[in-house]
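Structural description and commentary
The residues making up each chain are set out below.
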Amino acid sequence: MIQFENVSKTYPGGHRALEKVSFELADGELAFLTGHSGAGKSTLLKLISVMERPSAGHVYINGVNLNVVKNRQIPYVRRDIGIIFQNHRLLDRYNVFDNVALPLVIEGMHHKNITKRVHAALDKVGLLNKVKCQPSTLSGGEQQRVGIARAIVNSPPLLLADEPTGNLDPELSMEILKLFEDFNRHGTAVLIATHDLGLIARMKYKSLTLDHGRLITDPLAQEVL
Ligand code: ADP
Ligand code: ADP
């Protein structure tokens, strides 16, 4: 699903955010991405969603080398990727339905199909009863679940989450992680960036650890363990 080959990223101004990072995430695999603040987690996710470009090395998504993807082709790459942010980035001028529908509207899907898919997505996160609410009237955990519904509404094969539980208490965080596990059991690959080590420890998944832009855990060694 994801393949990094000796990927480095230097931002303008010379700050090296990633240094020769190589790893693979298989189709349907769930893994954590961890490391201190500033370690390069967001940068790594941005390279996958083509919000940033690598300075050296290659990133492959579904076998496609992102280096040869032109800017106008980026929307097609992103259709395969559901992205969940810490602050969920919902639009408060729109209700829950319209927020979740947004990716499908952008794709130009017929409105009958949109309604069906949005309801299915909200059902999966347990929020069908909030379909007409404004995001600001929901609790933090509910808002995050709306963000997740929006990310999965077009059934992407890959989910990326950047500190998805950063603003939630441990109980709600666990709930959100169970949702990710659920999608993963149905075949979705999931990569979760988090500094919540307690959460990771409770789950038996591969974790990739960044330290000042370098990957310090050897995923192969972990598999042997
Ligand atoms: P993390 O998500 O692990 O906190 P980031 O990927 O956000 O780490 O950042 C890695 C490093 O790159 C940090 O030192 C950060 O300040 C720097 N950085 C991130 N984005 C930019 C940018 N757009 N321009 C310059 N430096 C950046
Ligand atoms: P969040 O916690 O919401 O991910 P970040 O602190 O990672 O926010 O960064 C917010 C934005 O600022 C990102 O787009 C990131 O690339 C950019 N950024 C982070 N560090 C720097 C930096 N040192 N210089 C310029 N931009 C940066």
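Scroll up to find the structure this text is about.
First, a word on what this report is: a plain description of the structure on this page. (Residues numbered from 1 in each chain as written. Chains lettered and ligands numbered in written order. Predicted model: local features only at pLDDT ≥ 70, side-chain atom pairs only at ≥ 80, totals over all residues. Heavy atoms only, no water.)

**A few points about the side chain of Asn65**
Stated formally: Strands are runs of DSSP state E lasting at least 2 residues, helices are runs of H or I lasting at least 4, and numbering of each runs from the N terminus. In protein, a polar contact means a hydrogen-donor-capable atom and an acceptor-capable atom, both N or O and within 3.5 Å, with residues adjacent in sequence counting only if both atoms are side-chain atoms; elsewhere, any N or O pair within 3.5 Å suffices. Whether two residues are in contact is decided by their heavy atoms, any of which lying within 4.5 Å being enough.
Note that Asn65 resides in strand 5 (residues 64-65). A distance of 3.3 Å separates a polar atom in the side chain of Asn65 from a polar atom in the side chain of His58. Setting aside chain neighbours within four positions, we find Asn65 in contact with His58, Val59 and Tyr60.

**What to know about helix 6 (residues 170-185)**
Worth spelling out the cut-off: Under the convention used throughout, the expected extent of a helix is 1.5 Å for every residue step, that is, one less than its residue count.
Spanning 16 residues, helix 6 covers 22 Å between terminal C-alpha atoms, matching the ideal 22 Å at 1.5 Å per step. A positive backbone phi angle near 105 degrees is found at Gly187, which sits one or two residues after helix 6.

**As for the site of ligand 1**
We count it as follows: The cutoff for a nearby residue is simple: one of its non-hydrogen atoms must lie within 4 Å of the molecule or strand. Computed with a 1.4 Å probe, the accessible areas rest on the Shrake-Rupley method; for each residue, only the protein chains presented here act as cover. Three categories are distinguished: nonpolar for Ala, Val, Leu, Ile, Met, Phe, Trp, Tyr, Cys and Pro, charged for Asp, Glu, Lys and Arg, and polar for the others, with Gly belonging to the last.
Taken together, the neighbourhood of ligand 1 is formed by Tyr11, His15, Ala17, His36, Ser37, Gly38, Ala39, Gly40, Lys41, Ser42 and Thr43. Within the side chain of Tyr11, a nitrogen or oxygen atom sits 3.4 Å from a nitrogen atom of ligand 1. In the environment of ligand 1, an oxygen atom lies 3.0 Å from a nitrogen or oxygen atom belonging to the backbone of Gly40. Relative to its unbound accessible area of 560 Å², ligand 1 is 63% covered by the protein chains. Of the residues belonging to the shell around ligand 1, the class tally is 3 nonpolar, 7 polar and 1 charged.

**Quick look at the packing of helix 3 (residues 96-107) against helix 5 (residues 140-152)**
Here is the rule: The angle between two axes is taken between their N-to-C directions and runs from 0 to 180 degrees, where each axis is a line fitted to C-alpha atoms and a helix contributes only its stretch in contact. The scheme is simple: roughly parallel for angles under 35 degrees, roughly antiparallel for over 145, roughly perpendicular for 65 to 115, oblique for anything else. Left-handed describes a crossing in which the near helix is turned anticlockwise from the far one by less than a right angle; the clockwise case is right-handed.
Following both chains from N to C, one finds helix 3 and helix 5 inclined at 30 degrees, their axes separated by 7 Å at the closest point. Taken together, the axes of helix 3 and helix 5 lie roughly parallel to each other. Our pair here, helix 3 against helix 5, has a crossing hand that is right-handed. Residue-level inspection shows Val96, Asn99, Val100 and Pro103 of helix 3 in contact with helix 5, the latter providing Val146, Ala149 and Arg150. Looking at the contact of helix 3 with helix 5, its residues break down into 5 nonpolar, 1 polar and 1 charged.

From the geometry alone we can't say anything about function, so treat these as descriptive.
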